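Listed below, chain by chain, are the residues.
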Amino acid sequence: MTKVRRAFYRKQRGLVVTRLLARDGDRCPICGEVLDRRVRDPDDPCYVTFDHVMPVSRGGVTRLDNLRLAHRACNERRGSDPLPAVGPYSTDHHPRSSK
């Protein structure tokens with residue numbers, strides 16, 4: 001991937017993150033803790049990732065109305081499990097507590 005293309009995707013990702021934060025607020029819908037978009041290391045458990053409400057493996061699409069932001073660790077733990085009807089997915093674990 002060229003430098004220009006990488007910069008374009010990084011900027012696009014930033015714009016989508018901004019839109020989702022404005023729409024949904026700054027809390028992870030899975031654990032309820034604050035999302036910190038300043039975390040830049042993709043391997044950090046608190047890195048902000050896109051979570052598909054309806055997982056792609058279950059027919060979901062990558063559109064803003066099917067995306068929300070979540071910590072990397074929370075998103076990986078959830079996997080392709082369906083969402084519960086009410087309440088957060090899990091409140092028993094925060095990504096930073098495992099360090």
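Definitions and cut-offs
Residues numbered from 1 in each chain as written. Predicted model: local features only at pLDDT ≥ 70, side-chain atom pairs only at ≥ 80, totals over all residues. Heavy atoms only, no water. Buried < 20%, exposed > 50% of the residue type's maximum accessible area, 1.4 Å probe, protein only. Helix = DSSP H or I, 4+ residues; strand = E, 2+ residues; numbered from the N terminus. Pairing = 2+ DSSP bridges. 1 Å grid on protein atoms, 1.4 Å probe; cavity = no way out; pocket = protein on both sides within 12 Å on 5 of 7 lines; lining within 4 Å. Points joined across faces, edges and corners; volume = space filled by probe spheres on them. pLDDT = per-residue confidence, 0-100. Contact = heavy atoms within 4.5 Å. Expected span 1.5 Å × (residues − 1). Salt bridge = Lys/Arg side-chain N within 4 Å of Asp/Glu carboxyl O.

### Structural notes on the pairing of strand β1 (residues 48–52)
In the case of a regular strand, side chains alternate between the two sheet surfaces.
Logical step 1: Counting buried residues along β1, 4 of its 5 residues qualify, which places the element largely inside the surrounding structure.
Logical step 2: Here β1 runs beside strand β2 (residues 67–71); their pairing, made up of 5 bridges, is antiparallel. Looking at β2, one finds that aspartate 51 is bridged to arginine 68.

### Looking at the environment of aspartate 43
Logical step 1: Following the sequence through the fold, aspartate 43 ends up in the loop between α1 (3–24) and β1.
Logical step 2: Each C-alpha atom of the pair aspartate 43 and alanine 73 lies 9.2 Å from the other, and the pair is 30 residues apart in sequence.

### Considering the layout of surface pockets
Logical step 1: Roughly 270 Å³ of internal volume is contained in the largest pocket.
Logical step 2: A total of 4 residues in the lining of the largest pocket trace back to one element, the largest contributor, which is α1.

### What to know about the confidence of the model for the chain
Logical step 1: Looking at the chain as a whole, its pLDDT mean stands at 84, while 82% of the residues score no less than 70.
Logical step 2: Scored below 50 in pLDDT, residues 89–94 makes 17 contacts in the model with residues more than four places away or belonging to other chains.

### Things to note about α1
Logical step 1: For α1, with 22 residues, the first-to-last C-alpha span of 31 Å sits near the 32 Å given by 1.5 Å per residue.
Logical step 2: Backbone geometry just downstream of α1 places glycine 25 in the positive-phi region, at approximately 95°.

### Brief notes about the pattern of salt bridges
Logical step 1: In total, this model carries 6 salt bridges according to the counting rule given.
Logical step 2: Residue arginine 78 pairs with aspartate 51 through a salt bridge whose shortest N-O separation is 2.5 Å. Here aspartate 51 lies in strand β1 and arginine 78 lies in helix α2 (residues 72–78), a separation of 27 residues in the sequence. Taken as a pair, arginine 78 and aspartate 51 share a single burial class, namely buried.
Logical step 3: Notably, a salt bridge pairs arginine 72 with glutamate 76, separated by 2.9 Å at the nearest N-O pair. Of the two residues, arginine 72 and glutamate 76 both sit in helix α2, 4 residues apart, roughly one turn of that helix.

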